[in-house]
Amino acid sequence: MAVYNNEANGFYFTGGKATGVVYNSDAYNNIGPTNTSAGNIDGFGAHALDVVFINNRAWNNSDDGFDSISSTGSVIHHGNWSFNHHGNQDGRGDRNGFKVGGYSYRTTGIPEPMPVHTVQYNLAVNNGGNNFYANHQPGQSAYWINNTAYKPGYGSNFNMLERLSPASTEDIPGFREVLHNNIAYVGPLTSNNATLPENETNNSWTIDGGLHITSEDFVSLDMNQLTAPRKSDGSLPDVTFMQPVPTSPLYEHDLGYLAYKKDPVTALQSLVSVFTQY
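Analysis parameters
Residues numbered from 1 in each chain as written. Predicted model: local features only at pLDDT ≥ 70, side-chain atom pairs only at ≥ 80, totals over all residues. Heavy atoms only, no water. Helix = DSSP H or I, 4+ residues; strand = E, 2+ residues; numbered from the N terminus. Rg over C-alpha atoms; globule rule 2.2 N^0.38 Å. Buried < 20%, exposed > 50% of the residue type's maximum accessible area, 1.4 Å probe, protein only. Contact = heavy atoms within 4.5 Å. Areas by Shrake-Rupley, 256 points an atom, 1.4 Å probe, with all protein chains shown as cover. Phe/Tyr/Trp six-rings, centres within 6.5 Å; stacked < 30°, edge-to-face > 60°. 1 Å grid on protein atoms, 1.4 Å probe; cavity = no way out; pocket = protein on both sides within 12 Å on 5 of 7 lines; lining within 4 Å. Points joined across faces, edges and corners; volume = space filled by probe spheres on them. Nonpolar A, V, L, I, M, F, W, Y, C, P; charged D, E, K, R; others polar. Pairing = 2+ DSSP bridges. Salt bridge = Lys/Arg side-chain N within 4 Å of Asp/Glu carboxyl O. Polar contact = N/O pair within 3.5 Å; in protein donor to acceptor, adjacent residues only side chain to side chain.

(A) Spatial organisation of the overall build of the chain. A tally of regular secondary structure across the chain gives 3 helices and 23 strands. Over its C-alpha trace the chain gives a radius of gyration of 17 Å, about what one expects of a compact globule, namely 19 Å for 278 residues. When the backbone C-alpha atoms are referred to their principal axes, the chain occupies close to 50 × 40 × 40 Å. Looking at the 278 residues of the chain, the share that counts as buried comes to 56%. Expressed as a percentage of contacts within the chain between residues at least 6 apart in sequence, the contacts between residues at least 24 apart total 68%. Carbon and sulfur atoms make up 52% of the accessible area of the chain, which totals about 11,200 Å².

(B) Spotlight on the packing of aromatic side chains. Overall, the coordinates contain 18 aromatic pairs when judged by the stated rule. Ring centres 5.1 Å apart and planes at 10° place the aromatic pair Phe11 and Phe44 in the stacked group. Here Phe44 lies in strand β5 (residues 44-47) and Phe11 lies in strand β2 (residues 11-14), a separation of 33 residues in the sequence. Ring geometry for Phe53 against Phe66: centres 5.6 Å apart, planes inclined by 70°, an arrangement best described as edge-to-face.

(C) Structural context of the layout of surface pockets. The calculated volume of the largest pocket comes to roughly 460 Å³. The wall of the largest pocket is formed by 23 residues, among which Asn55, His78, Gly79, Leu236 and Tyr260 lie closest to the centre. The greatest single-element share of the lining of the largest pocket, amounting to 4 residues, is contributed by helix α3 (residues 264-275). Residue composition of the lining of the largest pocket, grouped by class: 14 nonpolar, 5 polar and 4 charged.

(D) Structural detail: the pairing of strand β12 (residues 117-120). Going residue by residue along β12, you find His117 and Val119 tucked away on one face and Thr118 and Gln120 tucked away on the opposite face as well. In this sheet, β12 lies alongside strand β9 (residues 75-78) in parallel orientation, the contact comprising 3 bridges. Bridging from a neighbouring strand, His78 pairs with Gln120 of β12. Sheet analysis places β12 next to strand β15 (residues 142-145), joined by 4 bridges and oriented parallel. Bridge assignment links His117 to a residue of β15, and that residue is Ala142.

(E) The pattern of salt bridges, seen in detail. Overall, the coordinates contain 8 salt bridges when judged by the stated rule. For Asp26, the salt bridge is made with Arg230, and the minimal N-O distance between the two is 2.8 Å. Pair noted here: Asp26 is in strand β4 (residues 26-28) and Arg230 is in the loop between β23 (200-201) and α2 (249-252), with a separation of 204 residues, a long-range link. For Arg230, a relative accessible area of 19% corresponds to the buried category. Overlapping salt bridges, with partners in common, bring together Asp64, Asp67, Asp94 and Lys99 in one network.

(F) Seen up close, the side chain of Asn182. In this fold, Asn182 is placed in the loop between β20 (178-180) and β21 (183-185). Accessibility expressed as a relative area gives 0% for Asn182, which makes it buried. Polar side-chain contacts of Asn182 include one of 3.2 Å to the backbone oxygen of His180. Apart from the residues lying within four places of it in its own chain, the contact partners of Asn182 are Trp144, Ile145, Asn146, Asn147, Phe158, Asn202, Asn203, Ser204, Trp205 and Leu255.

Rendered as structure tokens:
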């Protein structure tokens, strides 16, 4: 399914009991023309109970590609692509690739326990804000595993900003996040990041003090691949965008959103293991 060229959200879960799975769908060119509407029109939104996004694409929506602010349930992002979010005609909108968790600066009405989200095998590229964003979560926002981020805007590739606690509005560098096997290339690699070393391993910026990455580490950096037609069965097109070449240490260390190509069973097991939590 595709939702596009609207002045409203693409796919949106809201309300106390809203829950579901969105699979093999696209949301693009959904633009809010006013200052208010621009900041509320996302490609995919999860603001209720447990929601799962699998193999979806979001691009050129005026706010965020994927947004789970104020969610009372856990949200799984698996195998999604979010790119080219740059606001409306006036540049209005938050413009993040994946905005995961957060309750703004509320100190009441926060679920107990707070949900922890899962962000794995996703791609976030050329977004006007942050590519991946913990969004002031007053605790751990997510497990960030095997994601690829490239060319953020005013933010960073992985912005792990948290709040001190549900009772406090103080923003702090995130120290409760878990990041493994991720790639960050071009632009600030991380920000607001105080993740414990044991919870931040085997990433492009942590291996051997940080890998020196160039365009030669990838088969292609052609973003036009990302809007190619889906396959006849609805699955994502086969791409080589930011696929590490076999001689790259990125390939050797099984990093990024396409690492599953080396071992599809492991990626499937990862998804199944997350599903078993619900």
